[in-house]
Amino acid sequence: MPAQATAADGPRFPRSVFRPLVDAGRRRSLVSGWLFLLCGMLLGMIALGGATRLTGSGLSIMEWQPIMGALPPLSHADWEEKFALYKQIPQYRILHQGFGLAGFQHIFWLEWIHRFWGRLIGLTLFVPLLWFAAIRAIDWRLGLRLVAFFVLGGLQGAIGWFMVASGFDPDSTAVAPAKLVLHLCFALALYAAILWTALSVRDPVPAPLPPTTAARATRRLAIGALGLAAITIVAGGFTAGTHAGFSFNSFPLMDGRLVPAGYASLHPFWRNWFGNIAAVQFDHRLLATLTALLVGLTLLVGLRAGLPKRAHDALMLLGWALLLQYALGVTTLLLVVPVWAGTLHQFCAALLLTQLLVVLHRLRGATRAAGDPVAAPAA
(Lines give C-alpha, C1' and ligand atoms only; values in the text may rest on other atoms or scores of the structure.)
Protein backbone atom coordinates (compact mmCIF):
# COMPACT_ATOMS: atom_id res chain seq x y z
CA MET A 1 0.00 0.00 0.00
CA PRO A 2 1.26 3.54 -0.75
CA ALA A 3 2.53 5.51 2.20
CA GLN A 4 0.07 7.97 3.67
CA ALA A 5 0.92 11.68 3.55
CA THR A 6 1.83 13.25 6.85
CA ALA A 7 1.02 16.75 8.05
CA ALA A 8 4.65 17.72 7.48
CA ASP A 9 4.27 16.98 3.80
CA GLY A 10 1.84 19.88 3.45
CA PRO A 11 -1.20 19.95 1.15
CA ARG A 12 -0.94 18.14 -2.14
CA PHE A 13 -2.31 19.62 -5.38
CA PRO A 14 -2.55 18.20 -8.87
CA ARG A 15 0.62 18.96 -10.84
CA SER A 16 -1.46 20.80 -13.47
CA VAL A 17 -2.20 23.58 -10.95
CA PHE A 18 1.39 24.78 -11.31
CA ARG A 19 1.37 24.73 -15.10
CA PRO A 20 0.19 27.58 -17.33
CA LEU A 21 -3.53 27.25 -17.96
CA VAL A 22 -3.04 27.30 -21.75
CA ASP A 23 -0.46 25.63 -23.96
CA ALA A 24 2.47 27.56 -25.42
CA GLY A 25 1.01 28.01 -28.90
CA ARG A 26 -2.31 29.20 -27.54
CA ARG A 27 -0.53 31.61 -25.18
CA ARG A 28 1.41 33.17 -28.03
CA SER A 29 -1.74 33.54 -30.10
CA LEU A 30 -3.76 35.13 -27.29
CA VAL A 31 -1.07 37.51 -26.04
CA SER A 32 0.08 38.61 -29.49
CA GLY A 33 -3.52 39.08 -30.64
CA TRP A 34 -4.13 41.34 -27.65
CA LEU A 35 -0.97 43.34 -28.39
CA PHE A 36 -1.91 43.68 -32.07
CA LEU A 37 -5.30 45.01 -30.94
CA LEU A 38 -3.47 47.62 -28.86
CA CYS A 39 -1.40 48.54 -31.93
CA GLY A 40 -4.58 49.03 -33.95
CA MET A 41 -6.00 51.27 -31.23
CA LEU A 42 -2.76 53.28 -31.16
CA LEU A 43 -2.96 53.77 -34.93
CA GLY A 44 -6.47 55.11 -34.42
CA MET A 45 -5.13 57.41 -31.70
CA ILE A 46 -2.48 58.76 -34.07
CA ALA A 47 -5.15 59.49 -36.69
CA LEU A 48 -7.36 61.19 -34.08
CA GLY A 49 -4.40 63.29 -32.99
CA GLY A 50 -3.88 64.48 -36.55
CA ALA A 51 -7.55 65.41 -36.95
CA THR A 52 -7.54 67.17 -33.58
CA ARG A 53 -4.53 69.26 -34.57
CA LEU A 54 -5.84 70.13 -38.04
CA THR A 55 -9.25 71.26 -36.75
CA GLY A 56 -7.75 73.29 -33.90
CA SER A 57 -9.70 71.19 -31.39
CA GLY A 58 -6.82 70.39 -29.07
CA LEU A 59 -7.19 73.51 -26.93
CA SER A 60 -10.94 73.14 -26.33
CA ILE A 61 -10.48 71.33 -22.98
CA MET A 62 -8.56 73.54 -20.57
CA GLU A 63 -8.23 71.03 -17.74
CA TRP A 64 -6.34 67.78 -17.31
CA GLN A 65 -8.42 65.41 -15.19
CA PRO A 66 -7.27 61.83 -15.82
CA ILE A 67 -10.23 60.34 -13.91
CA MET A 68 -13.14 62.80 -13.88
CA GLY A 69 -12.28 64.06 -17.35
CA ALA A 70 -13.62 60.78 -18.74
CA LEU A 71 -17.12 62.23 -18.36
CA PRO A 72 -18.25 64.85 -20.89
CA PRO A 73 -20.49 67.76 -19.88
CA LEU A 74 -23.87 66.30 -18.92
CA SER A 75 -26.03 69.43 -18.70
CA HIS A 76 -26.40 72.81 -20.36
CA ALA A 77 -24.85 74.43 -17.31
CA ASP A 78 -21.81 72.15 -17.64
CA TRP A 79 -21.43 73.14 -21.29
CA GLU A 80 -21.64 76.81 -20.44
CA GLU A 81 -18.98 76.38 -17.78
CA LYS A 82 -16.59 74.66 -20.22
CA PHE A 83 -17.28 77.29 -22.88
CA ALA A 84 -16.60 80.09 -20.39
CA LEU A 85 -13.20 78.56 -19.67
CA TYR A 86 -12.42 78.32 -23.38
CA LYS A 87 -13.28 81.99 -23.88
CA GLN A 88 -10.36 82.92 -21.62
CA ILE A 89 -7.63 81.58 -23.92
CA PRO A 90 -6.08 83.44 -26.86
CA GLN A 91 -7.31 80.94 -29.48
CA TYR A 92 -10.92 81.95 -28.86
CA ARG A 93 -10.23 85.68 -28.91
CA ILE A 94 -8.04 85.53 -32.02
CA LEU A 95 -9.66 82.80 -34.13
CA HIS A 96 -13.09 81.87 -32.82
CA GLN A 97 -14.57 85.01 -31.31
CA GLY A 98 -18.34 84.76 -31.47
CA PHE A 99 -18.66 81.25 -32.92
CA GLY A 100 -21.14 80.27 -30.17
CA LEU A 101 -21.76 77.25 -28.00
CA ALA A 102 -22.53 74.97 -30.98
CA GLY A 103 -19.17 75.74 -32.54
CA PHE A 104 -17.43 75.08 -29.24
CA GLN A 105 -19.21 71.74 -28.87
CA HIS A 106 -17.99 70.72 -32.33
CA ILE A 107 -14.31 71.12 -31.44
CA PHE A 108 -14.82 69.91 -27.86
CA TRP A 109 -16.17 66.50 -28.90
CA LEU A 110 -13.19 65.70 -31.12
CA GLU A 111 -10.71 66.49 -28.35
CA TRP A 112 -12.83 64.60 -25.80
CA ILE A 113 -12.90 61.51 -28.05
CA HIS A 114 -9.13 61.80 -28.49
CA ARG A 115 -8.59 61.82 -24.71
CA PHE A 116 -11.23 59.14 -24.05
CA TRP A 117 -9.61 56.87 -26.64
CA GLY A 118 -6.33 57.24 -24.76
CA ARG A 119 -8.01 56.16 -21.52
CA LEU A 120 -9.59 53.22 -23.32
CA ILE A 121 -6.16 52.14 -24.58
CA GLY A 122 -4.90 52.22 -20.99
CA LEU A 123 -7.73 49.95 -19.84
CA THR A 124 -7.22 47.63 -22.82
CA LEU A 125 -3.60 47.25 -21.74
CA PHE A 126 -4.05 47.01 -17.98
CA VAL A 127 -7.07 44.73 -17.53
CA PRO A 128 -5.95 41.90 -19.86
CA LEU A 129 -2.45 42.21 -18.40
CA LEU A 130 -3.85 41.28 -14.99
CA TRP A 131 -5.77 38.37 -16.48
CA PHE A 132 -2.81 37.02 -18.48
CA ALA A 133 -0.63 37.30 -15.39
CA ALA A 134 -3.26 35.43 -13.32
CA ILE A 135 -3.43 32.49 -15.75
CA ARG A 136 0.37 32.57 -16.14
CA ALA A 137 0.21 33.15 -19.87
CA ILE A 138 3.16 35.59 -19.69
CA ASP A 139 6.52 35.25 -17.98
CA TRP A 140 7.93 37.85 -15.61
CA ARG A 141 10.19 39.48 -18.23
CA LEU A 142 7.30 40.12 -20.61
CA GLY A 143 5.13 41.16 -17.67
CA LEU A 144 7.65 43.80 -16.58
CA ARG A 145 7.89 45.10 -20.15
CA LEU A 146 4.12 45.41 -20.40
CA VAL A 147 3.91 47.19 -17.05
CA ALA A 148 6.54 49.61 -18.38
CA PHE A 149 4.37 50.19 -21.45
CA PHE A 150 1.43 51.04 -19.18
CA VAL A 151 3.53 53.53 -17.20
CA LEU A 152 4.87 55.08 -20.41
CA GLY A 153 1.32 55.36 -21.71
CA GLY A 154 0.43 57.43 -18.64
CA LEU A 155 3.52 59.53 -19.24
CA GLN A 156 2.36 60.10 -22.81
CA GLY A 157 -0.88 61.51 -21.43
CA ALA A 158 1.11 63.89 -19.24
CA ILE A 159 3.22 64.94 -22.25
CA GLY A 160 -0.02 65.59 -24.12
CA TRP A 161 -1.17 67.97 -21.41
CA PHE A 162 2.27 69.60 -21.34
CA MET A 163 1.82 70.18 -25.08
CA VAL A 164 -1.75 71.48 -24.79
CA ALA A 165 -0.84 73.90 -21.99
CA SER A 166 1.66 75.60 -24.31
CA GLY A 167 -1.30 76.73 -26.42
CA PHE A 168 -2.63 78.83 -23.53
CA ASP A 169 0.33 81.23 -23.67
CA PRO A 170 -0.44 84.88 -24.51
CA ASP A 171 -1.07 85.49 -28.24
CA SER A 172 -0.85 81.76 -28.97
CA THR A 173 -3.46 80.04 -31.13
CA ALA A 174 -1.81 76.60 -31.28
CA VAL A 175 0.55 74.42 -29.29
CA ALA A 176 4.33 74.90 -29.41
CA PRO A 177 5.81 72.99 -32.40
CA ALA A 178 8.60 71.38 -30.35
CA LYS A 179 6.10 70.06 -27.80
CA LEU A 180 3.86 68.79 -30.59
CA VAL A 181 6.82 66.88 -32.04
CA LEU A 182 7.70 65.47 -28.61
CA HIS A 183 4.13 64.20 -28.17
CA LEU A 184 4.09 62.65 -31.65
CA CYS A 185 7.52 61.03 -31.34
CA PHE A 186 6.78 59.55 -27.92
CA ALA A 187 3.52 58.08 -29.25
CA LEU A 188 5.27 56.51 -32.25
CA ALA A 189 8.12 55.17 -30.10
CA LEU A 190 5.65 53.52 -27.72
CA TYR A 191 3.70 52.13 -30.68
CA ALA A 192 6.88 50.71 -32.24
CA ALA A 193 7.89 49.05 -28.95
CA ILE A 194 4.48 47.39 -28.53
CA LEU A 195 4.40 46.31 -32.19
CA TRP A 196 7.87 44.74 -31.98
CA THR A 197 6.85 42.94 -28.79
CA ALA A 198 3.69 41.63 -30.47
CA LEU A 199 5.66 40.38 -33.47
CA SER A 200 8.23 38.69 -31.20
CA VAL A 201 5.54 36.98 -29.10
CA ARG A 202 3.85 35.68 -32.26
CA ASP A 203 7.13 34.57 -33.92
CA PRO A 204 9.76 34.15 -31.18
CA VAL A 205 12.28 32.29 -33.39
CA PRO A 206 13.68 34.04 -36.47
CA ALA A 207 12.91 32.29 -39.75
CA PRO A 208 15.96 30.85 -41.51
CA LEU A 209 17.21 33.10 -44.29
CA PRO A 210 19.73 32.53 -47.06
CA PRO A 211 23.21 33.08 -45.57
CA THR A 212 24.06 35.55 -48.32
CA THR A 213 25.51 39.00 -48.49
CA ALA A 214 22.32 40.20 -50.24
CA ALA A 215 20.12 39.14 -47.31
CA ARG A 216 22.36 40.93 -44.83
CA ALA A 217 22.53 44.00 -47.07
CA THR A 218 18.73 44.08 -47.25
CA ARG A 219 18.52 44.15 -43.48
CA ARG A 220 21.11 46.93 -43.20
CA LEU A 221 19.30 48.98 -45.84
CA ALA A 222 15.98 48.47 -44.02
CA ILE A 223 17.55 49.68 -40.78
CA GLY A 224 18.80 52.79 -42.58
CA ALA A 225 15.37 53.34 -44.14
CA LEU A 226 13.72 53.04 -40.72
CA GLY A 227 16.09 55.65 -39.25
CA LEU A 228 15.56 58.02 -42.17
CA ALA A 229 11.79 57.56 -42.02
CA ALA A 230 11.86 58.43 -38.31
CA ILE A 231 13.78 61.63 -39.01
CA THR A 232 11.31 62.47 -41.80
CA ILE A 233 8.41 62.05 -39.36
CA VAL A 234 10.12 64.43 -36.93
CA ALA A 235 10.50 66.94 -39.76
CA GLY A 236 6.84 66.39 -40.61
CA GLY A 237 5.93 67.21 -37.03
CA PHE A 238 7.70 70.57 -37.33
CA THR A 239 5.99 71.11 -40.70
CA ALA A 240 2.65 70.60 -38.98
CA GLY A 241 3.55 72.60 -35.88
CA THR A 242 4.72 75.66 -37.84
CA HIS A 243 1.85 75.33 -40.39
CA ALA A 244 4.50 75.22 -43.11
CA GLY A 245 2.25 73.11 -45.31
CA PHE A 246 0.04 76.12 -46.02
CA SER A 247 2.89 77.79 -47.94
CA PHE A 248 4.74 76.82 -51.15
CA ASN A 249 1.82 74.72 -52.39
CA SER A 250 3.46 73.50 -55.57
CA PHE A 251 5.50 70.42 -56.39
CA PRO A 252 8.29 69.57 -57.08
CA LEU A 253 9.47 73.22 -57.10
CA MET A 254 8.80 75.74 -54.33
CA ASP A 255 7.61 78.98 -55.93
CA GLY A 256 9.58 78.06 -59.04
CA ARG A 257 12.80 77.24 -57.18
CA LEU A 258 14.35 73.97 -56.13
CA VAL A 259 15.62 75.53 -52.88
CA PRO A 260 13.21 78.24 -51.71
CA ALA A 261 14.26 81.83 -51.25
CA GLY A 262 14.96 82.69 -47.63
CA TYR A 263 16.03 79.17 -46.67
CA ALA A 264 18.80 80.50 -44.40
CA SER A 265 17.15 83.70 -43.19
CA LEU A 266 17.45 82.89 -39.47
CA HIS A 267 20.64 83.03 -37.41
CA PRO A 268 22.24 80.94 -36.11
CA PHE A 269 21.70 78.65 -39.09
CA TRP A 270 20.27 75.68 -37.15
CA ARG A 271 17.21 77.74 -36.18
CA ASN A 272 16.01 77.51 -39.78
CA TRP A 273 15.43 73.77 -39.39
CA PHE A 274 12.77 74.35 -36.71
CA GLY A 275 11.36 77.85 -37.17
CA ASN A 276 11.78 78.97 -40.78
CA ILE A 277 8.74 77.88 -42.80
CA ALA A 278 10.64 77.71 -46.09
CA ALA A 279 13.42 75.60 -44.59
CA VAL A 280 11.09 73.39 -42.55
CA GLN A 281 9.00 72.44 -45.58
CA PHE A 282 12.02 72.00 -47.88
CA ASP A 283 13.73 69.73 -45.34
CA HIS A 284 10.61 67.59 -45.01
CA ARG A 285 10.34 67.24 -48.79
CA LEU A 286 14.02 66.39 -49.11
CA LEU A 287 13.96 63.83 -46.29
CA ALA A 288 10.80 62.21 -47.67
CA THR A 289 12.41 61.87 -51.10
CA LEU A 290 15.61 60.42 -49.63
CA THR A 291 13.52 57.96 -47.62
CA ALA A 292 11.68 56.93 -50.79
CA LEU A 293 14.96 56.37 -52.61
CA LEU A 294 16.43 54.31 -49.77
CA VAL A 295 13.28 52.19 -49.48
CA GLY A 296 13.42 51.70 -53.25
CA LEU A 297 17.02 50.50 -52.97
CA THR A 298 16.00 48.16 -50.15
CA LEU A 299 13.33 46.67 -52.40
CA LEU A 300 15.72 46.35 -55.34
CA VAL A 301 18.24 44.40 -53.26
CA GLY A 302 15.75 42.47 -51.16
CA LEU A 303 13.49 41.24 -53.93
CA ARG A 304 16.52 39.74 -55.69
CA ALA A 305 18.01 38.16 -52.56
CA GLY A 306 16.02 34.91 -52.66
CA LEU A 307 14.27 35.63 -49.35
CA PRO A 308 11.47 33.40 -47.99
CA LYS A 309 7.91 34.23 -49.03
CA ARG A 310 6.98 36.02 -45.79
CA ALA A 311 9.97 38.37 -46.03
CA HIS A 312 9.36 38.85 -49.76
CA ASP A 313 5.69 39.73 -49.14
CA ALA A 314 6.63 42.17 -46.38
CA LEU A 315 8.96 43.98 -48.79
CA MET A 316 6.21 44.20 -51.42
CA LEU A 317 3.81 45.72 -48.88
CA LEU A 318 6.53 48.16 -47.87
CA GLY A 319 6.72 49.37 -51.45
CA TRP A 320 2.97 49.96 -51.62
CA ALA A 321 2.99 51.74 -48.25
CA LEU A 322 5.73 54.04 -49.49
CA LEU A 323 3.88 54.91 -52.71
CA LEU A 324 0.68 55.65 -50.79
CA GLN A 325 2.44 57.84 -48.22
CA TYR A 326 4.43 59.84 -50.79
CA ALA A 327 1.32 60.39 -52.93
CA LEU A 328 -0.64 61.53 -49.86
CA GLY A 329 2.13 63.97 -48.95
CA VAL A 330 2.05 65.59 -52.38
CA THR A 331 -1.76 65.62 -52.38
CA THR A 332 -1.89 67.25 -48.95
CA LEU A 333 0.52 69.94 -50.11
CA LEU A 334 -1.19 70.70 -53.42
CA LEU A 335 -4.67 70.87 -51.82
CA VAL A 336 -3.34 73.18 -49.05
CA VAL A 337 -3.73 70.72 -46.18
CA PRO A 338 -7.40 69.73 -46.04
CA VAL A 339 -8.27 67.94 -42.82
CA TRP A 340 -8.93 64.58 -44.47
CA ALA A 341 -5.66 64.57 -46.41
CA GLY A 342 -3.54 65.76 -43.49
CA THR A 343 -5.07 63.16 -41.20
CA LEU A 344 -4.48 60.35 -43.71
CA HIS A 345 -0.92 61.54 -44.27
CA GLN A 346 -0.15 61.29 -40.55
CA PHE A 347 -1.90 57.93 -40.30
CA CYS A 348 -0.02 56.50 -43.28
CA ALA A 349 3.30 57.69 -41.85
CA ALA A 350 2.59 55.32 -38.97
CA LEU A 351 1.66 52.57 -41.45
CA LEU A 352 4.97 53.03 -43.28
CA LEU A 353 6.79 52.82 -39.96
CA THR A 354 4.80 49.67 -39.20
CA GLN A 355 5.80 47.96 -42.42
CA LEU A 356 9.46 48.84 -41.98
CA LEU A 357 9.37 47.19 -38.54
CA VAL A 358 7.64 44.12 -39.97
CA VAL A 359 10.33 43.83 -42.65
CA LEU A 360 13.10 44.12 -40.07
CA HIS A 361 11.45 41.56 -37.83
CA ARG A 362 11.23 39.06 -40.67
CA LEU A 363 14.88 39.69 -41.56
CA ARG A 364 16.23 38.92 -38.08
CA GLY A 365 17.76 35.70 -39.35
CA ALA A 366 20.01 37.66 -41.70
CA THR A 367 22.31 38.62 -38.82
CA ARG A 368 24.26 35.36 -39.08
CA ALA A 369 27.58 35.38 -40.88
CA ALA A 370 27.38 35.23 -44.66
CA GLY A 371 28.44 31.89 -46.05
CA ASP A 372 27.66 30.03 -42.81
CA PRO A 373 24.64 27.83 -43.61
CA VAL A 374 24.67 26.12 -40.22
CA ALA A 375 24.85 29.23 -38.05
CA ALA A 376 22.01 29.44 -35.55
CA PRO A 377 19.47 32.20 -36.23
CA ALA A 378 19.65 35.25 -34.01
CA ALA A 379 17.13 35.38 -31.21
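In the block above lies the structure referred to throughout.
Notes on the structure in this doc start here.

Here is what the cut-offs are and how they apply
Residues numbered from 1 in each chain as written. Predicted model: local features only at pLDDT ≥ 70, side-chain atom pairs only at ≥ 80, totals over all residues. Heavy atoms only, no water. 1 Å grid on protein atoms, 1.4 Å probe; cavity = no way out; pocket = protein on both sides within 12 Å on 5 of 7 lines; lining within 4 Å. Points joined across faces, edges and corners; volume = space filled by probe spheres on them. Helix = DSSP H or I, 4+ residues; strand = E, 2+ residues; numbered from the N terminus. Nonpolar A, V, L, I, M, F, W, Y, C, P; charged D, E, K, R; others polar. Salt bridge = Lys/Arg side-chain N within 4 Å of Asp/Glu carboxyl O. Buried < 20%, exposed > 50% of the residue type's maximum accessible area, 1.4 Å probe, protein only. Axes fitted to C-alpha atoms, helices over the stretch in contact; angles between N-to-C directions. Parallel < 35°, antiparallel > 145°, perpendicular 65-115°, else oblique. Left-handed = near helix turned anticlockwise from the far one by under 90°. Contact = heavy atoms within 4.5 Å. Phe/Tyr/Trp six-rings, centres within 6.5 Å; stacked < 30°, edge-to-face > 60°.

1. Things to note about the layout of surface pockets
The space that makes up the second largest pocket amounts to roughly 390 Å³. In this structure, the second largest pocket is lined by 16 residues; those nearest its centre are D139, L142, S200, V201 and P204. Of all the secondary structure elements, the ones that give two or more residues to the lining of the second largest pocket are α1 (24–54), α5 (140–165) and α6 (177–202). With 4 residues, α1 is the largest single contributor of residues to the lining of the second largest pocket. A breakdown of the residues in the lining of the second largest pocket according to their chemical character gives 8 nonpolar, 2 polar and 6 charged.

2. Section: the pattern of salt bridges
Under the defined criterion, the tally for this structure stands at 4 salt bridges. D203 is the salt-bridge partner of R310, the closest N and O atoms lying 3.3 Å from each other. Residue R310 is located in helix α10 (residues 309–334), and its partner D203 is located in the loop between α6 and α7 (213–241); the two are separated by 107 residues in the primary sequence. For R310, a relative accessible area of 43% gives the class partly exposed. The class for D203 is partly exposed, based on a relative accessible area of 28%. In this structure, the salt-bridge partner of K309 is D313, at a minimum N-O distance of 2.6 Å. You can see K309 and its partner D313 sitting in helix α10, 4 residues apart, about one turn around the helix.

3. Considering the packing of α1 against helix α4 (residues 100–134)
Two elements in contact, α1 and α4, have axes separated by 9 Å at closest approach and are oriented at 170 degrees. Classed by the angle they form, the pair α1 and α4 counts as roughly antiparallel. For the pair α1 and α4, the crossing hand works out as left-handed. A per-class count over the contact of α1 with α4 returns 19 nonpolar, 6 polar and 1 charged.

4. Some remarks on the environment of H114
Relative to the helices and strands, H114 resides in helix α4. Along the backbone, H114 and A187 are 73 residues apart, and their C-alpha atoms lie at a distance of 13 Å. Ignoring anything within four residues of it in the chain, the contact list for H114 reads M45, L48, G49 and T52.

5. Quick notes on the side chain of S172
Secondary-structure assignment places S172 in the loop between α5 and α6. When residues no more than four places from it in sequence are discounted, the contact partners of S172 are P90, Q91, S166 and G167.

6. Quick notes on the packing of aromatic side chains
Tallied over the full model, the rule gives 25 aromatic pairs. Measuring from centroid to centroid gives 5.7 Å for F104 and F108, while their planes differ by 50 degrees, and the two rings are tilted. With a gap of 4 residues between them, F104 and F108 both fall in helix α4, about one helical turn apart. Accessibility assignment for this pair places F104 and F108 in one class, buried. Aromatic pair Y263 and F269: ring centres 6.2 Å apart, planes at 40 degrees, arrangement tilted.

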